[in-house]
Amino acid sequence: MEILINFGYLIAAILFILGIKGMTTPKTAVRGNQMSAVGMLIAVVAALLDYNVVDYTWIIVGVLIGATLGAVLAKKIAMTDMPEMVAALNGVGGGASLLVAAANYLESQQLAEMGKFVPTYDWSIAVILSILIGAVTLTGSLVAVGKLKGKIGDAKNVGLFKAIVKLALLTLIVGAGYFAYVDPLHSDLLIVGMIVLCLILGVCLVMPIGGADMPVVVSLLNSYSGLAGASAGFVLGNNGLIITGSLVGASGIILTSIMCKAMNRSLTNVLFGGSMAASAGVSKSENDAFYDGKVKYSSADEVAMLLDNAQKVVFVPGYGLAVAQAQHATRELANMLEARGVDVKYAIHPVAGRMPGHMNVLLAEAEVPYDQLVEMDTINPEFSQTDVSIVLGANDVVNPAAAKDPQSPIYGMPILNVHNSKTVVVVKRGLSPGFAGIPNELLIRDNSLMVAGDAKKVLQDMIGALKDL
Amino acid sequence: MEMFIMMLTIFVLAVFVGVEIINKVPPTLHTPLMSGTNAISGIVVVGAIISSGGSEHTTVLSTVLGVVAIALATINIVAGFMVTDRMLNMFKKK
């Protein structure tokens, strides 16, 4: 039976790998996801066959509660809220790993009393690591959700949080040393203390990170949630958990490094550098002086006339598009333009939105074909042949200062070169700075037009105006 | 210790496999990739199930922790796979 169970875990791991492989093209992705789901089913059945499972009552209760909550969540969530959803799920996964480690600790005490278990150093270390990663993922993700929802602002006293993190880590190392080398089985209080400490650590690690860096944090916590699973696998001696956890861990790390590259920042700078807006941002009066009298305002009607004569139009979506829920209006305008023979594309910056791929999902929801969504490196040379670029709620990712002003805090960050198009239309609610806290030079350039207002409303006005032409 | 080295070997190799395949996932699918891996990390339910199975060495507290862990991991699995499916179907439509 033992062999059969482990064989089941192996099959599950293979299905997960093939499932992720399916994600390499949109066509095979749905099947890939289904394969992963089948793999999970096999893993669960294998676990139910374990000789330690003699009573199913509580298992069924837990599964029913979880499945109901999960299904409701998955059905109800709006596509614009996906970053919060993924962040919350990261936290839930971390919490589960934390509890599994704690439960295993209690059971090991019982087993040791029966003379069936002798604690080893690697078991003790795995328990501590599981608690650490699980707890940090749990509270770190909760803070990330709060920041994504805008309920928690950028922290002002970054130094304080850094100090707490250092102190907590030191205490943890001492505690872990005592636990592993002195008395692993009679340290209930120590374990509880370490869990609390790790929960605090998670909060203090994410609090100092600026709202602009949330795509990095969400990816990193995604990785942690996988590593938490893998470390639980080390505690239980379960290879299925180890393989699967490391796959997820690798995925999160890759996404994290892609996000960091797209912002031209190192991971340490994101984690411990504090918010960019707090360190380099301009005051309101400086911001006003920068734009003073230099911004050309336009209207939906004027833009409609421009579009009427255009041959090639590129839409540049950003977080503002998600906030305004303007994806469907964008698609409608694009459809009208295409019907008039205009070449329409969408330029997607890797950190547009609040998580990797956020814009792609929103536009896919509005049924934009995915081959019209063009990555930064491919679209950048095309801007010089573009008649009109329409920037919808994106800011720092189209700021030319990143390319030519070495004093700018975002200098070196790769940007979408919209300023090379014949005309740039920026749809924005006002002149307030973006996440980086700096004014955008794009707006005072000769070929830029600003249309002030909510993206959805402005787009609908443009659609109306275009119909009347 | 031998057991530990075995597990570490598997861990390291699996990380390499992960890096290889995930590097090939296009940016368009990065959000579904994250929610999909979220679902997969619900595999920790396996550990939770074994802890809540009521065998002789469990205590009331360990069973309670196990059941809560099952509920959390199942949220991860069900919500993760369902929402990923929802997103991927939007990409499939032409």
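Where an unreviewed UniProt entry is consulted, chain B appears under the name proton-translocating NAD(P)(+) transhydrogenase, with the organism given as Thalassolituus oleivorans MIL-1. Taken verbatim from the UniProt record of chain B, the Function (unreviewed entry) comment is "The transhydrogenation between NADH and NADP is coupled to respiration and ATP hydrolysis and functions as a proton pump across the membrane."

Novice: Now, about the side chain of K428(A): what can you tell me, with residues and values included?
Specialist: Residues and elements named next belong to chain A. Structurally, K428 is set in strand β5 (residues 423-428). With no salt bridge to any partner, buried K428 finds its closest opposite charge in D396, at an N-O distance of 8.4 Å. If we ignore the near neighbours within four places in the chain, the residues touching K428 are N395, L443, M450, V451, A452 and G453.

Novice: Run through the pairing of β5(A), naming residues and quoting values.
Specialist: Residues and elements named next belong to chain A. Most of β5 sits out of view: 6 of its 6 residues are buried. Side chains T423, V425 and V427 project from β5 onto one buried face, and the interleaved V424, V426 and K428 project onto a second face that is buried too. With 5 bridges connecting them, strand β4 (residues 388-392) and β5 associate as parallel partners. The residue of β5 that forms the bridge with I390 is V425.

Novice: Requested: an account of the layout of surface pockets, with residues and values cited.
Specialist: When its volume is computed, the largest pocket comes out at roughly 950 Å³. In terms of lining residues, the largest pocket is bounded by 35 residues, among which Y51(A), N104(A), V235(A), L236(A) and G237(A) are the most central. Elements represented by at least two residues in the lining of the largest pocket include exactly α1 (2-22), α4 (82-113), α5 (121-148) and α8 (214-236) of chain A together with α1 (2-22) and α3 (45-51) of chain B. For the lining of the largest pocket, a count of residues per class yields 17 nonpolar, 12 polar and 6 charged. Looking at the second largest pocket, its volume works out to about 660 Å³. As for the second largest pocket, its lining consists of 32 residues, of which Y319(A), G393(A), N395(A), G434(A) and F435(A) are closest to the centre. Of all the elements in the fold, those that place two or more residues in the lining of the second largest pocket are α14 (319-323) and β5 of chain A. Of all the elements, α14(A) adds the most residues to the lining of the second largest pocket, at 3 residues. Residues belonging to the lining of the second largest pocket are distributed by class as follows: 18 nonpolar, 9 polar and 5 charged.

Novice: Before we move on, can you summarise the pairing of β4(A) with the specific residues and values?
Specialist: All names here are of chain A. The buried count for β4 comes to 5 of 5 residues, which makes it a mostly enclosed element. Here β4 shows two buried faces, one formed by V388, I390 and L392 and the other by S389 and V391. Where strand β1 (residues 312-317) and β4 come together, 5 bridges link them in parallel fashion. Within the sheet, the bridge partner assigned to P317 lies in β4 and is L392.

Quick notes on the rules
- Residue positions are given per chain, counting from 1 as you read along its sequence in written order.
- For this description, chains carry letters from A and ligands carry numbers from 1, given in the order in which they are written.
- Selection of residues for local features in this predicted model requires a pLDDT of at least 70, selection of side-chain atom pairs for listing and counting requires 80 or more, and totals for whole chains, interfaces and linings are taken over all residues.
- Note that the side-chain values use all heavy atoms of the structure and ignore hydrogens as well as water.
- UniProt positions are given in the numbering used here, feature names are shortened, and annotations may be inferred rather than shown by experiment.
- Helix numbers and strand numbers start at the N terminus; a helix is a DSSP run of H or I with at least 4 residues, a strand a run of E with at least 2.
- Residue burial is assigned from relative accessible area. The probe radius is 1.4 Å, only protein chains are included, and a residue is buried under 20% of its type maximum, exposed over 50%, and partly exposed in between.
- Only four residue types enter the charge count: Lys and Arg as positive, Asp and Glu as negative, with His and the chain ends excluded.
- The salt bridge definition used is simple: a Lys or Arg side-chain nitrogen within 4 Å of an Asp or Glu carboxyl oxygen.
- Whether two residues are in contact is decided by their heavy atoms: any pair within 4.5 Å suffices.
- Pairing between two strands requires that DSSP report at least two bridges joining them.
- Both site types are read off a 1 Å grid over the protein atoms alone. A 1.4 Å probe that fits but cannot get out defines a cavity, while an open set with protein on both sides within 12 Å along at least five of seven lines defines a pocket; lining residues have an atom within 4 Å of a point.
- Grid points are joined across faces, edges and corners, and a volume is the space filled by probe spheres set on the points.
- In this count, Pro and Cys sit with the nonpolar residues alongside Ala, Val, Leu, Ile, Met, Phe, Trp and Tyr, while Asp, Glu, Lys and Arg are called charged and the others, Gly among them, polar.

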